[in-house]
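Fold and contact review
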Amino acid sequence: MRHNYLGLFLAALLAGVSSLSAQNSMTIKEGAERVKYNPMVFGAFLEHFDNQVYGGVFSPGSPLSDEDGFRKDVIEAVKELKVPIVRWPGGCFVSGYHWKDAVGPDRQSVWDKAWQVEDPNTFGTDEFVKWCHKVGCEPFICTNAGTGTMEEMSDWVEYCNQTVGKFARQRAANGSPEPFNVKYWSIGNENWGRHELGEKSAEEWGPLVAESAKLMLSADKNIKLFAAALPASYWTLPLLEKAGYLLDFVSIHGYWVPHDISKDPTTYLTCMMRTDGPENSISNTIGILEEAKVDDRIKIAFDEWNLRGWYHPGIGDLKNGYNYAARRENDIPSTYTMADAIFSACFLNTCLRHADVVDIACISPITNTRGPIFVHPEGIVRRTSFYAMKMYSNDLLPYYVPTTNSVGKLVSGDQSTGVLDILLTSDEAGRKYVCSISNKDPERAVPLTIDFKGMGVKTPKKVSARILSGKSALDYNDIGEERVKPYDTTLTVKDGAVTIPAHSVTFLFIE
Ligand code: AHR
């Protein structure tokens, strides 16, 4: 699927694209508290789907793999992103997964009922924990509340974290006498949906989570517990009523361009019009936490997110199965344009603006499918979203600074969105600032007036900048062609305003 540059321009004209030249401004909110955000919002998800694990992070026998069969170039790329937490093994996969098949010397390959392929089970709990140690991230395990049992969940916690009992002894016999100390555990994955094996009703879900949580906590009282939730009261309120007293997080997911791409033309502007979606999901979930009166201690984990749903037509269609060959459409390099980078930046801005309640987020997935790292037998490609994620996890400062932003509209047909998405961060002293500004307009650079005075900074003549933009809104990276990468420059400040390049994620370094 290749994009048509002229088509984009004509579509833009026809669609009446216009970033109305309103006065765009960012002003620091008087008296607002700076919030130290949790860097776990830069987390990732790894599922046993297609080539995310086998052929992604794990390729025994590859010349690029280490003694454990882990792709060394992938480990380095994940470390480059400073990914602090990785959720595994699913996703839909986990709702038919039995962890005991994938530990110990005698691995049985099994039929993966979710994705209807054979899973060799050579990458199991021990391998995942070892991979996380090499990457330097926290392991986060999602358990099987579909076909699994609450005891199977608590046995898994015992296997990973206990020092006594048969599962701890089994782990020791498998070569790991010391506990893995896996701190993050989720009960279930999207059990609300017909597409999920072992779908549950809202009435069933709360009691199941409560009883599972009790057993898991009996195995290790120090774990942090999540449960599959929705930004919808019918599901999440009963969950919180029955099990909220045992939970630390509610898990929500979001993909804003449906996986069946034939049903939704994924034009750049379509993607830009979806950038406000994450705010709706988070605000609705906060409202439910407040209604259940648990917003003082239960946080949100947005532990699967991506602009684009995974392409696997037929998901959940167990009568006709699904189209295996379609998975290769996830690999088309030209799919992953500046839309993916800008959406990722807008998503992370939304999480950081809610830093008091959004504690964890996991891009879905980290390797292949729709992820920021494309892995092929000879190497990897850093897609545009990789560089956006890298700017966020490496360059932002640790405090979110609330601002009042006034921006013009980017219009496409009967839809519109703010043309700029702005996030201000600072150091603890409030003397250094990094401002992330995404300009969604595919054609126009846009001026932004900055509240230097409010920052306590003398208005400079120039400001240092790091810009990710590509040569056009549809630019992308491919094997041997990493054209879209951040570059450093200085931008002129004129009458207190800085001009933000079109289709860009721009960081300004101000002090
Ligand atoms: O498309 C992948 C699936 O999306 C994940 O397995 C599931 O958690 C979500 O529905």
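Residues numbered from 1 in each chain as written. Predicted model: local features only at pLDDT ≥ 70, side-chain atom pairs only at ≥ 80, totals over all residues. Heavy atoms only, no water.

1. Examining the overall build of the protein
Within the protein, the secondary structure is distributed over eleven helices and 25 strands. In terms of overall size, the protein behaves like a compact globule, its C-alpha atoms giving a radius of gyration of 23 Å where 511 residues would be expected to give roughly 24 Å. Viewed in the frame of its principal axes, the protein has a C-alpha envelope of about 70 × 50 × 40 Å. Across the 511 residues in the protein, those meeting the buried criterion constitute 61%. A fraction of 76% describes how many contacts in the protein between residues 6 or more apart in sequence connect residues 24 or more apart. A total accessible area of about 19,800 Å² is found for the protein, and carbon and sulfur atoms account for 52% of it. (Helix = DSSP H or I, 4+ residues; strand = E, 2+ residues; numbered from the N terminus. Rg over C-alpha atoms; globule rule 2.2 N^0.38 Å. Buried < 20%, exposed > 50% of the residue type's maximum accessible area, 1.4 Å probe, protein only. Contact = heavy atoms within 4.5 Å. Areas by Shrake-Rupley, 256 points an atom, 1.4 Å probe, with all protein chains shown as cover.)

2. Some points on the sheet that holds strand S11 (residues 299-308)
Spatially, the eight strands close up into a barrel ordered S3-S4-S7-S8-S9-S10-S11-S12, and their pairing is parallel. Within the sheet, the average angular offset between the axes of one strand and its neighbour, ignoring direction, is 30 degrees. Bridge count for strand S9 (residues 224-228) against strand S10 (residues 249-257) is three bridges, and the pairing is parallel. Following the sheet pairing, Ala228 is matched in S10 by Ser251. Together, strand S4 (85-88) and strand S7 (138-143) form the strand contacts of helix H3 (residues 125-135), whose direction differs from that of S7 by roughly 150 degrees. (Pairing = 2+ DSSP bridges. Axes fitted to C-alpha atoms, helices over the stretch in contact; angles between N-to-C directions.)

3. Considering the layout of surface pockets
The computed volume of the largest pocket comes to approximately 390 Å³. Where the lining of the largest pocket is concerned, the elements lending two or more residues are S10 and S11. Tallying contributions element by element places S10 first for the lining of the largest pocket, with five residues. Across the lining of the largest pocket, the residue classes tally to eleven nonpolar, eleven polar and five charged. (1 Å grid on protein atoms, 1.4 Å probe; cavity = no way out; pocket = protein on both sides within 12 Å on 5 of 7 lines; lining within 4 Å. Points joined across faces, edges and corners; volume = space filled by probe spheres on them. Nonpolar A, V, L, I, M, F, W, Y, C, P; charged D, E, K, R; others polar.)

4. Here we look at the packing of helix H10 (residues 338-353) against helix H11 (residues 384-395)
In the contact formed by H10 and H11, the axes pass within 7 Å of each other and the chain directions differ by 30 degrees. One element, H10, and the other, H11, form an angle in the roughly parallel class. In terms of crossing hand, the pair formed by H10 and H11 is right-handed. Contact residues: Met338, Asp340, Ala341, Ser344, Ala345, Leu348, Asn349 and Leu352 in H10; Thr384, Ser385, Ala388, Met389 and Tyr392 in H11. (Parallel < 35°, antiparallel > 145°, perpendicular 65-115°, else oblique. Left-handed = near helix turned anticlockwise from the far one by under 90°.)

5. Description of the domain arrangement of the protein
We note that the domain assignment places domain 1 (6-33 + 401-510) and domain 2 (37-397) within the protein. Between the C-alpha centres of domain 1 and domain 2 there is a distance of 30 Å. With both chains or domains summed, domain 1 and domain 2 bury close to 3,200 Å², and 70% of this area falls on carbon and sulfur atoms. Our enumeration of links across domain 1 and domain 2 arrives at two salt bridges. For the salt bridge of Arg353 with Asp421, the shortest nitrogen-to-oxygen distance reads 3.1 Å. Where domain 1 packs against domain 2, one counts 14 residue pairs in polar contact (both at pLDDT 80 or more). (Domains from an automatic or database assignment. Buried area = accessible area lost by both parts, 1.4 Å probe. Salt bridge = Lys/Arg side-chain N within 4 Å of Asp/Glu carboxyl O. Polar contact = N/O pair within 3.5 Å; in protein donor to acceptor, adjacent residues only side chain to side chain.)

6. A few points about the sheet that holds strand S22 (residues 462-468)
The eleven strands are arranged S2-S15-S19-S20-S25-S22-S23-S24-S21-S1-S16 in an open sheet whose pairing can be described as mixed. On the outer flanks of this sheet lie strand S2 (35-36) and strand S16 (403-406), each paired with one strand and no other. Across four bridges, strand S21 (residues 446-450) lies against strand S24 (residues 497-500) in antiparallel orientation. Pairing of Thr449 across the sheet is with Ala497, part of S24. Along the sheet face, H10 touches strand S15 (399-401), strand S19 (420-426), strand S20 (433-439), S22 and strand S25 (504-510) and points at about 50 degrees away from the line of S19.

7. Here's the deal with empty space enclosed by the protein
Rolled over the atoms, a probe with the dimensions of a water molecule shows which regions are left empty. Counted according to the given criterion, the structure contains three cavities of 30 Å³ or more. Put simply, the largest cavity is a space of about 60 Å³. Lining the largest cavity we find Trp305, Asn306, Leu307, Tyr336, Asp340, Ser344, Ile363, Arg370, Gly371, Arg383 and Ser385. At the level of elements, S11 and H10 are the ones that each hand at least two residues to the lining of the largest cavity.

8. Structural notes on the site of the ligand
Surrounding the ligand, one finds Glu47, Gly91, Cys92, Trp115, Asn189, Glu190, His195, Tyr255, Glu304, Trp310 and His312. Between Glu47 and the ligand, the recorded distance is 2.7 Å, taken from a side-chain N or O atom to an oxygen atom. Measuring from an oxygen atom of the ligand, one finds a side-chain N or O atom of His312 at 2.6 Å. Across the complex, the protein chains shield 93% of the 280 Å² of accessible surface that the ligand would expose by itself. Counting atoms within 2 Å of the grid points, the majority share of the ligand lands in the largest pocket. (Near = heavy atom within 4 Å. Sits in = over half its atoms within 2 Å of the grid points.)

9. Here we look at the environment of Phe58
With respect to the secondary-structure elements, Phe58 resides in the loop between strand S3 (43-45) and helix H2 (72-80). Between the C-alpha atom of Phe58 and that of Phe128, which follows or precedes it by 70 residues, the distance is 9.7 Å. In contact with Phe58, not counting residues within four places along its chain, are Val53, Asp68, Gly69, Phe70, Thr122 and Phe123.

10. Things to note about the packing of aromatic side chains
For the coordinates displayed, the defined rule picks out 32 aromatic pairs. Seen in terms of ring centroids, Phe58 and Phe70 are 6.0 Å apart; in terms of plane orientation they differ by 55 degrees. Their pairing is tilted. Pair noted here: Phe58 is in the loop between S3 and H2 and Phe70 is in the loop between S3 and H2, with a separation of twelve residues, a long-range link. The exposure class of Phe58 is buried, given its relative accessible area of 7%. With 4.3 Å between their ring centres and 10 degrees between their planes, Phe226 and Phe249 make a pair best called stacked. Taken as a pair, Phe226 in strand S9 and Phe249 in strand S10 lie far apart in primary sequence, 23 residues in all. Among the residues examined, Phe226 registers a relative accessible area of 0% and is labelled buried. The cationic tip of Arg483 hangs over the ring face of Tyr476; the distance from NZ or CZ to the ring centre is 4.7 Å. (Phe/Tyr/Trp six-rings, centres within 6.5 Å; stacked < 30°, edge-to-face > 60°. Lys NZ or Arg CZ within 6 Å of the ring centre and 35° of its normal.)

11. Examining the confidence of the model for the protein
The predicted model of the protein has a mean per-residue pLDDT of 94, with 94% of residues at 70 or higher. Of all the helices and strands in the protein, helix H1 (residues 5-14) carries the lowest mean pLDDT, 51, while S4 carries the highest, 99. For the stretch residues 12-16, pLDDT sits under 50, and the model shows six contacts to residues farther than four places along the chain or on other chains. (pLDDT = per-residue confidence, 0-100.)

12. A closer look at the state of the cysteines
One pass over the full model with this rule turns up zero disulfides. Here Cys92 stays unpaired: no disulfide links it, and the sulfur of Cys142, its closest cysteine neighbor, is 10 Å away. Looking at Cys92, the relative accessible area reads 9%, which means it is buried. For Cys142, a relative accessible area of 0% puts it in the buried group. (Disulfide = S-S within 2.5 Å.)

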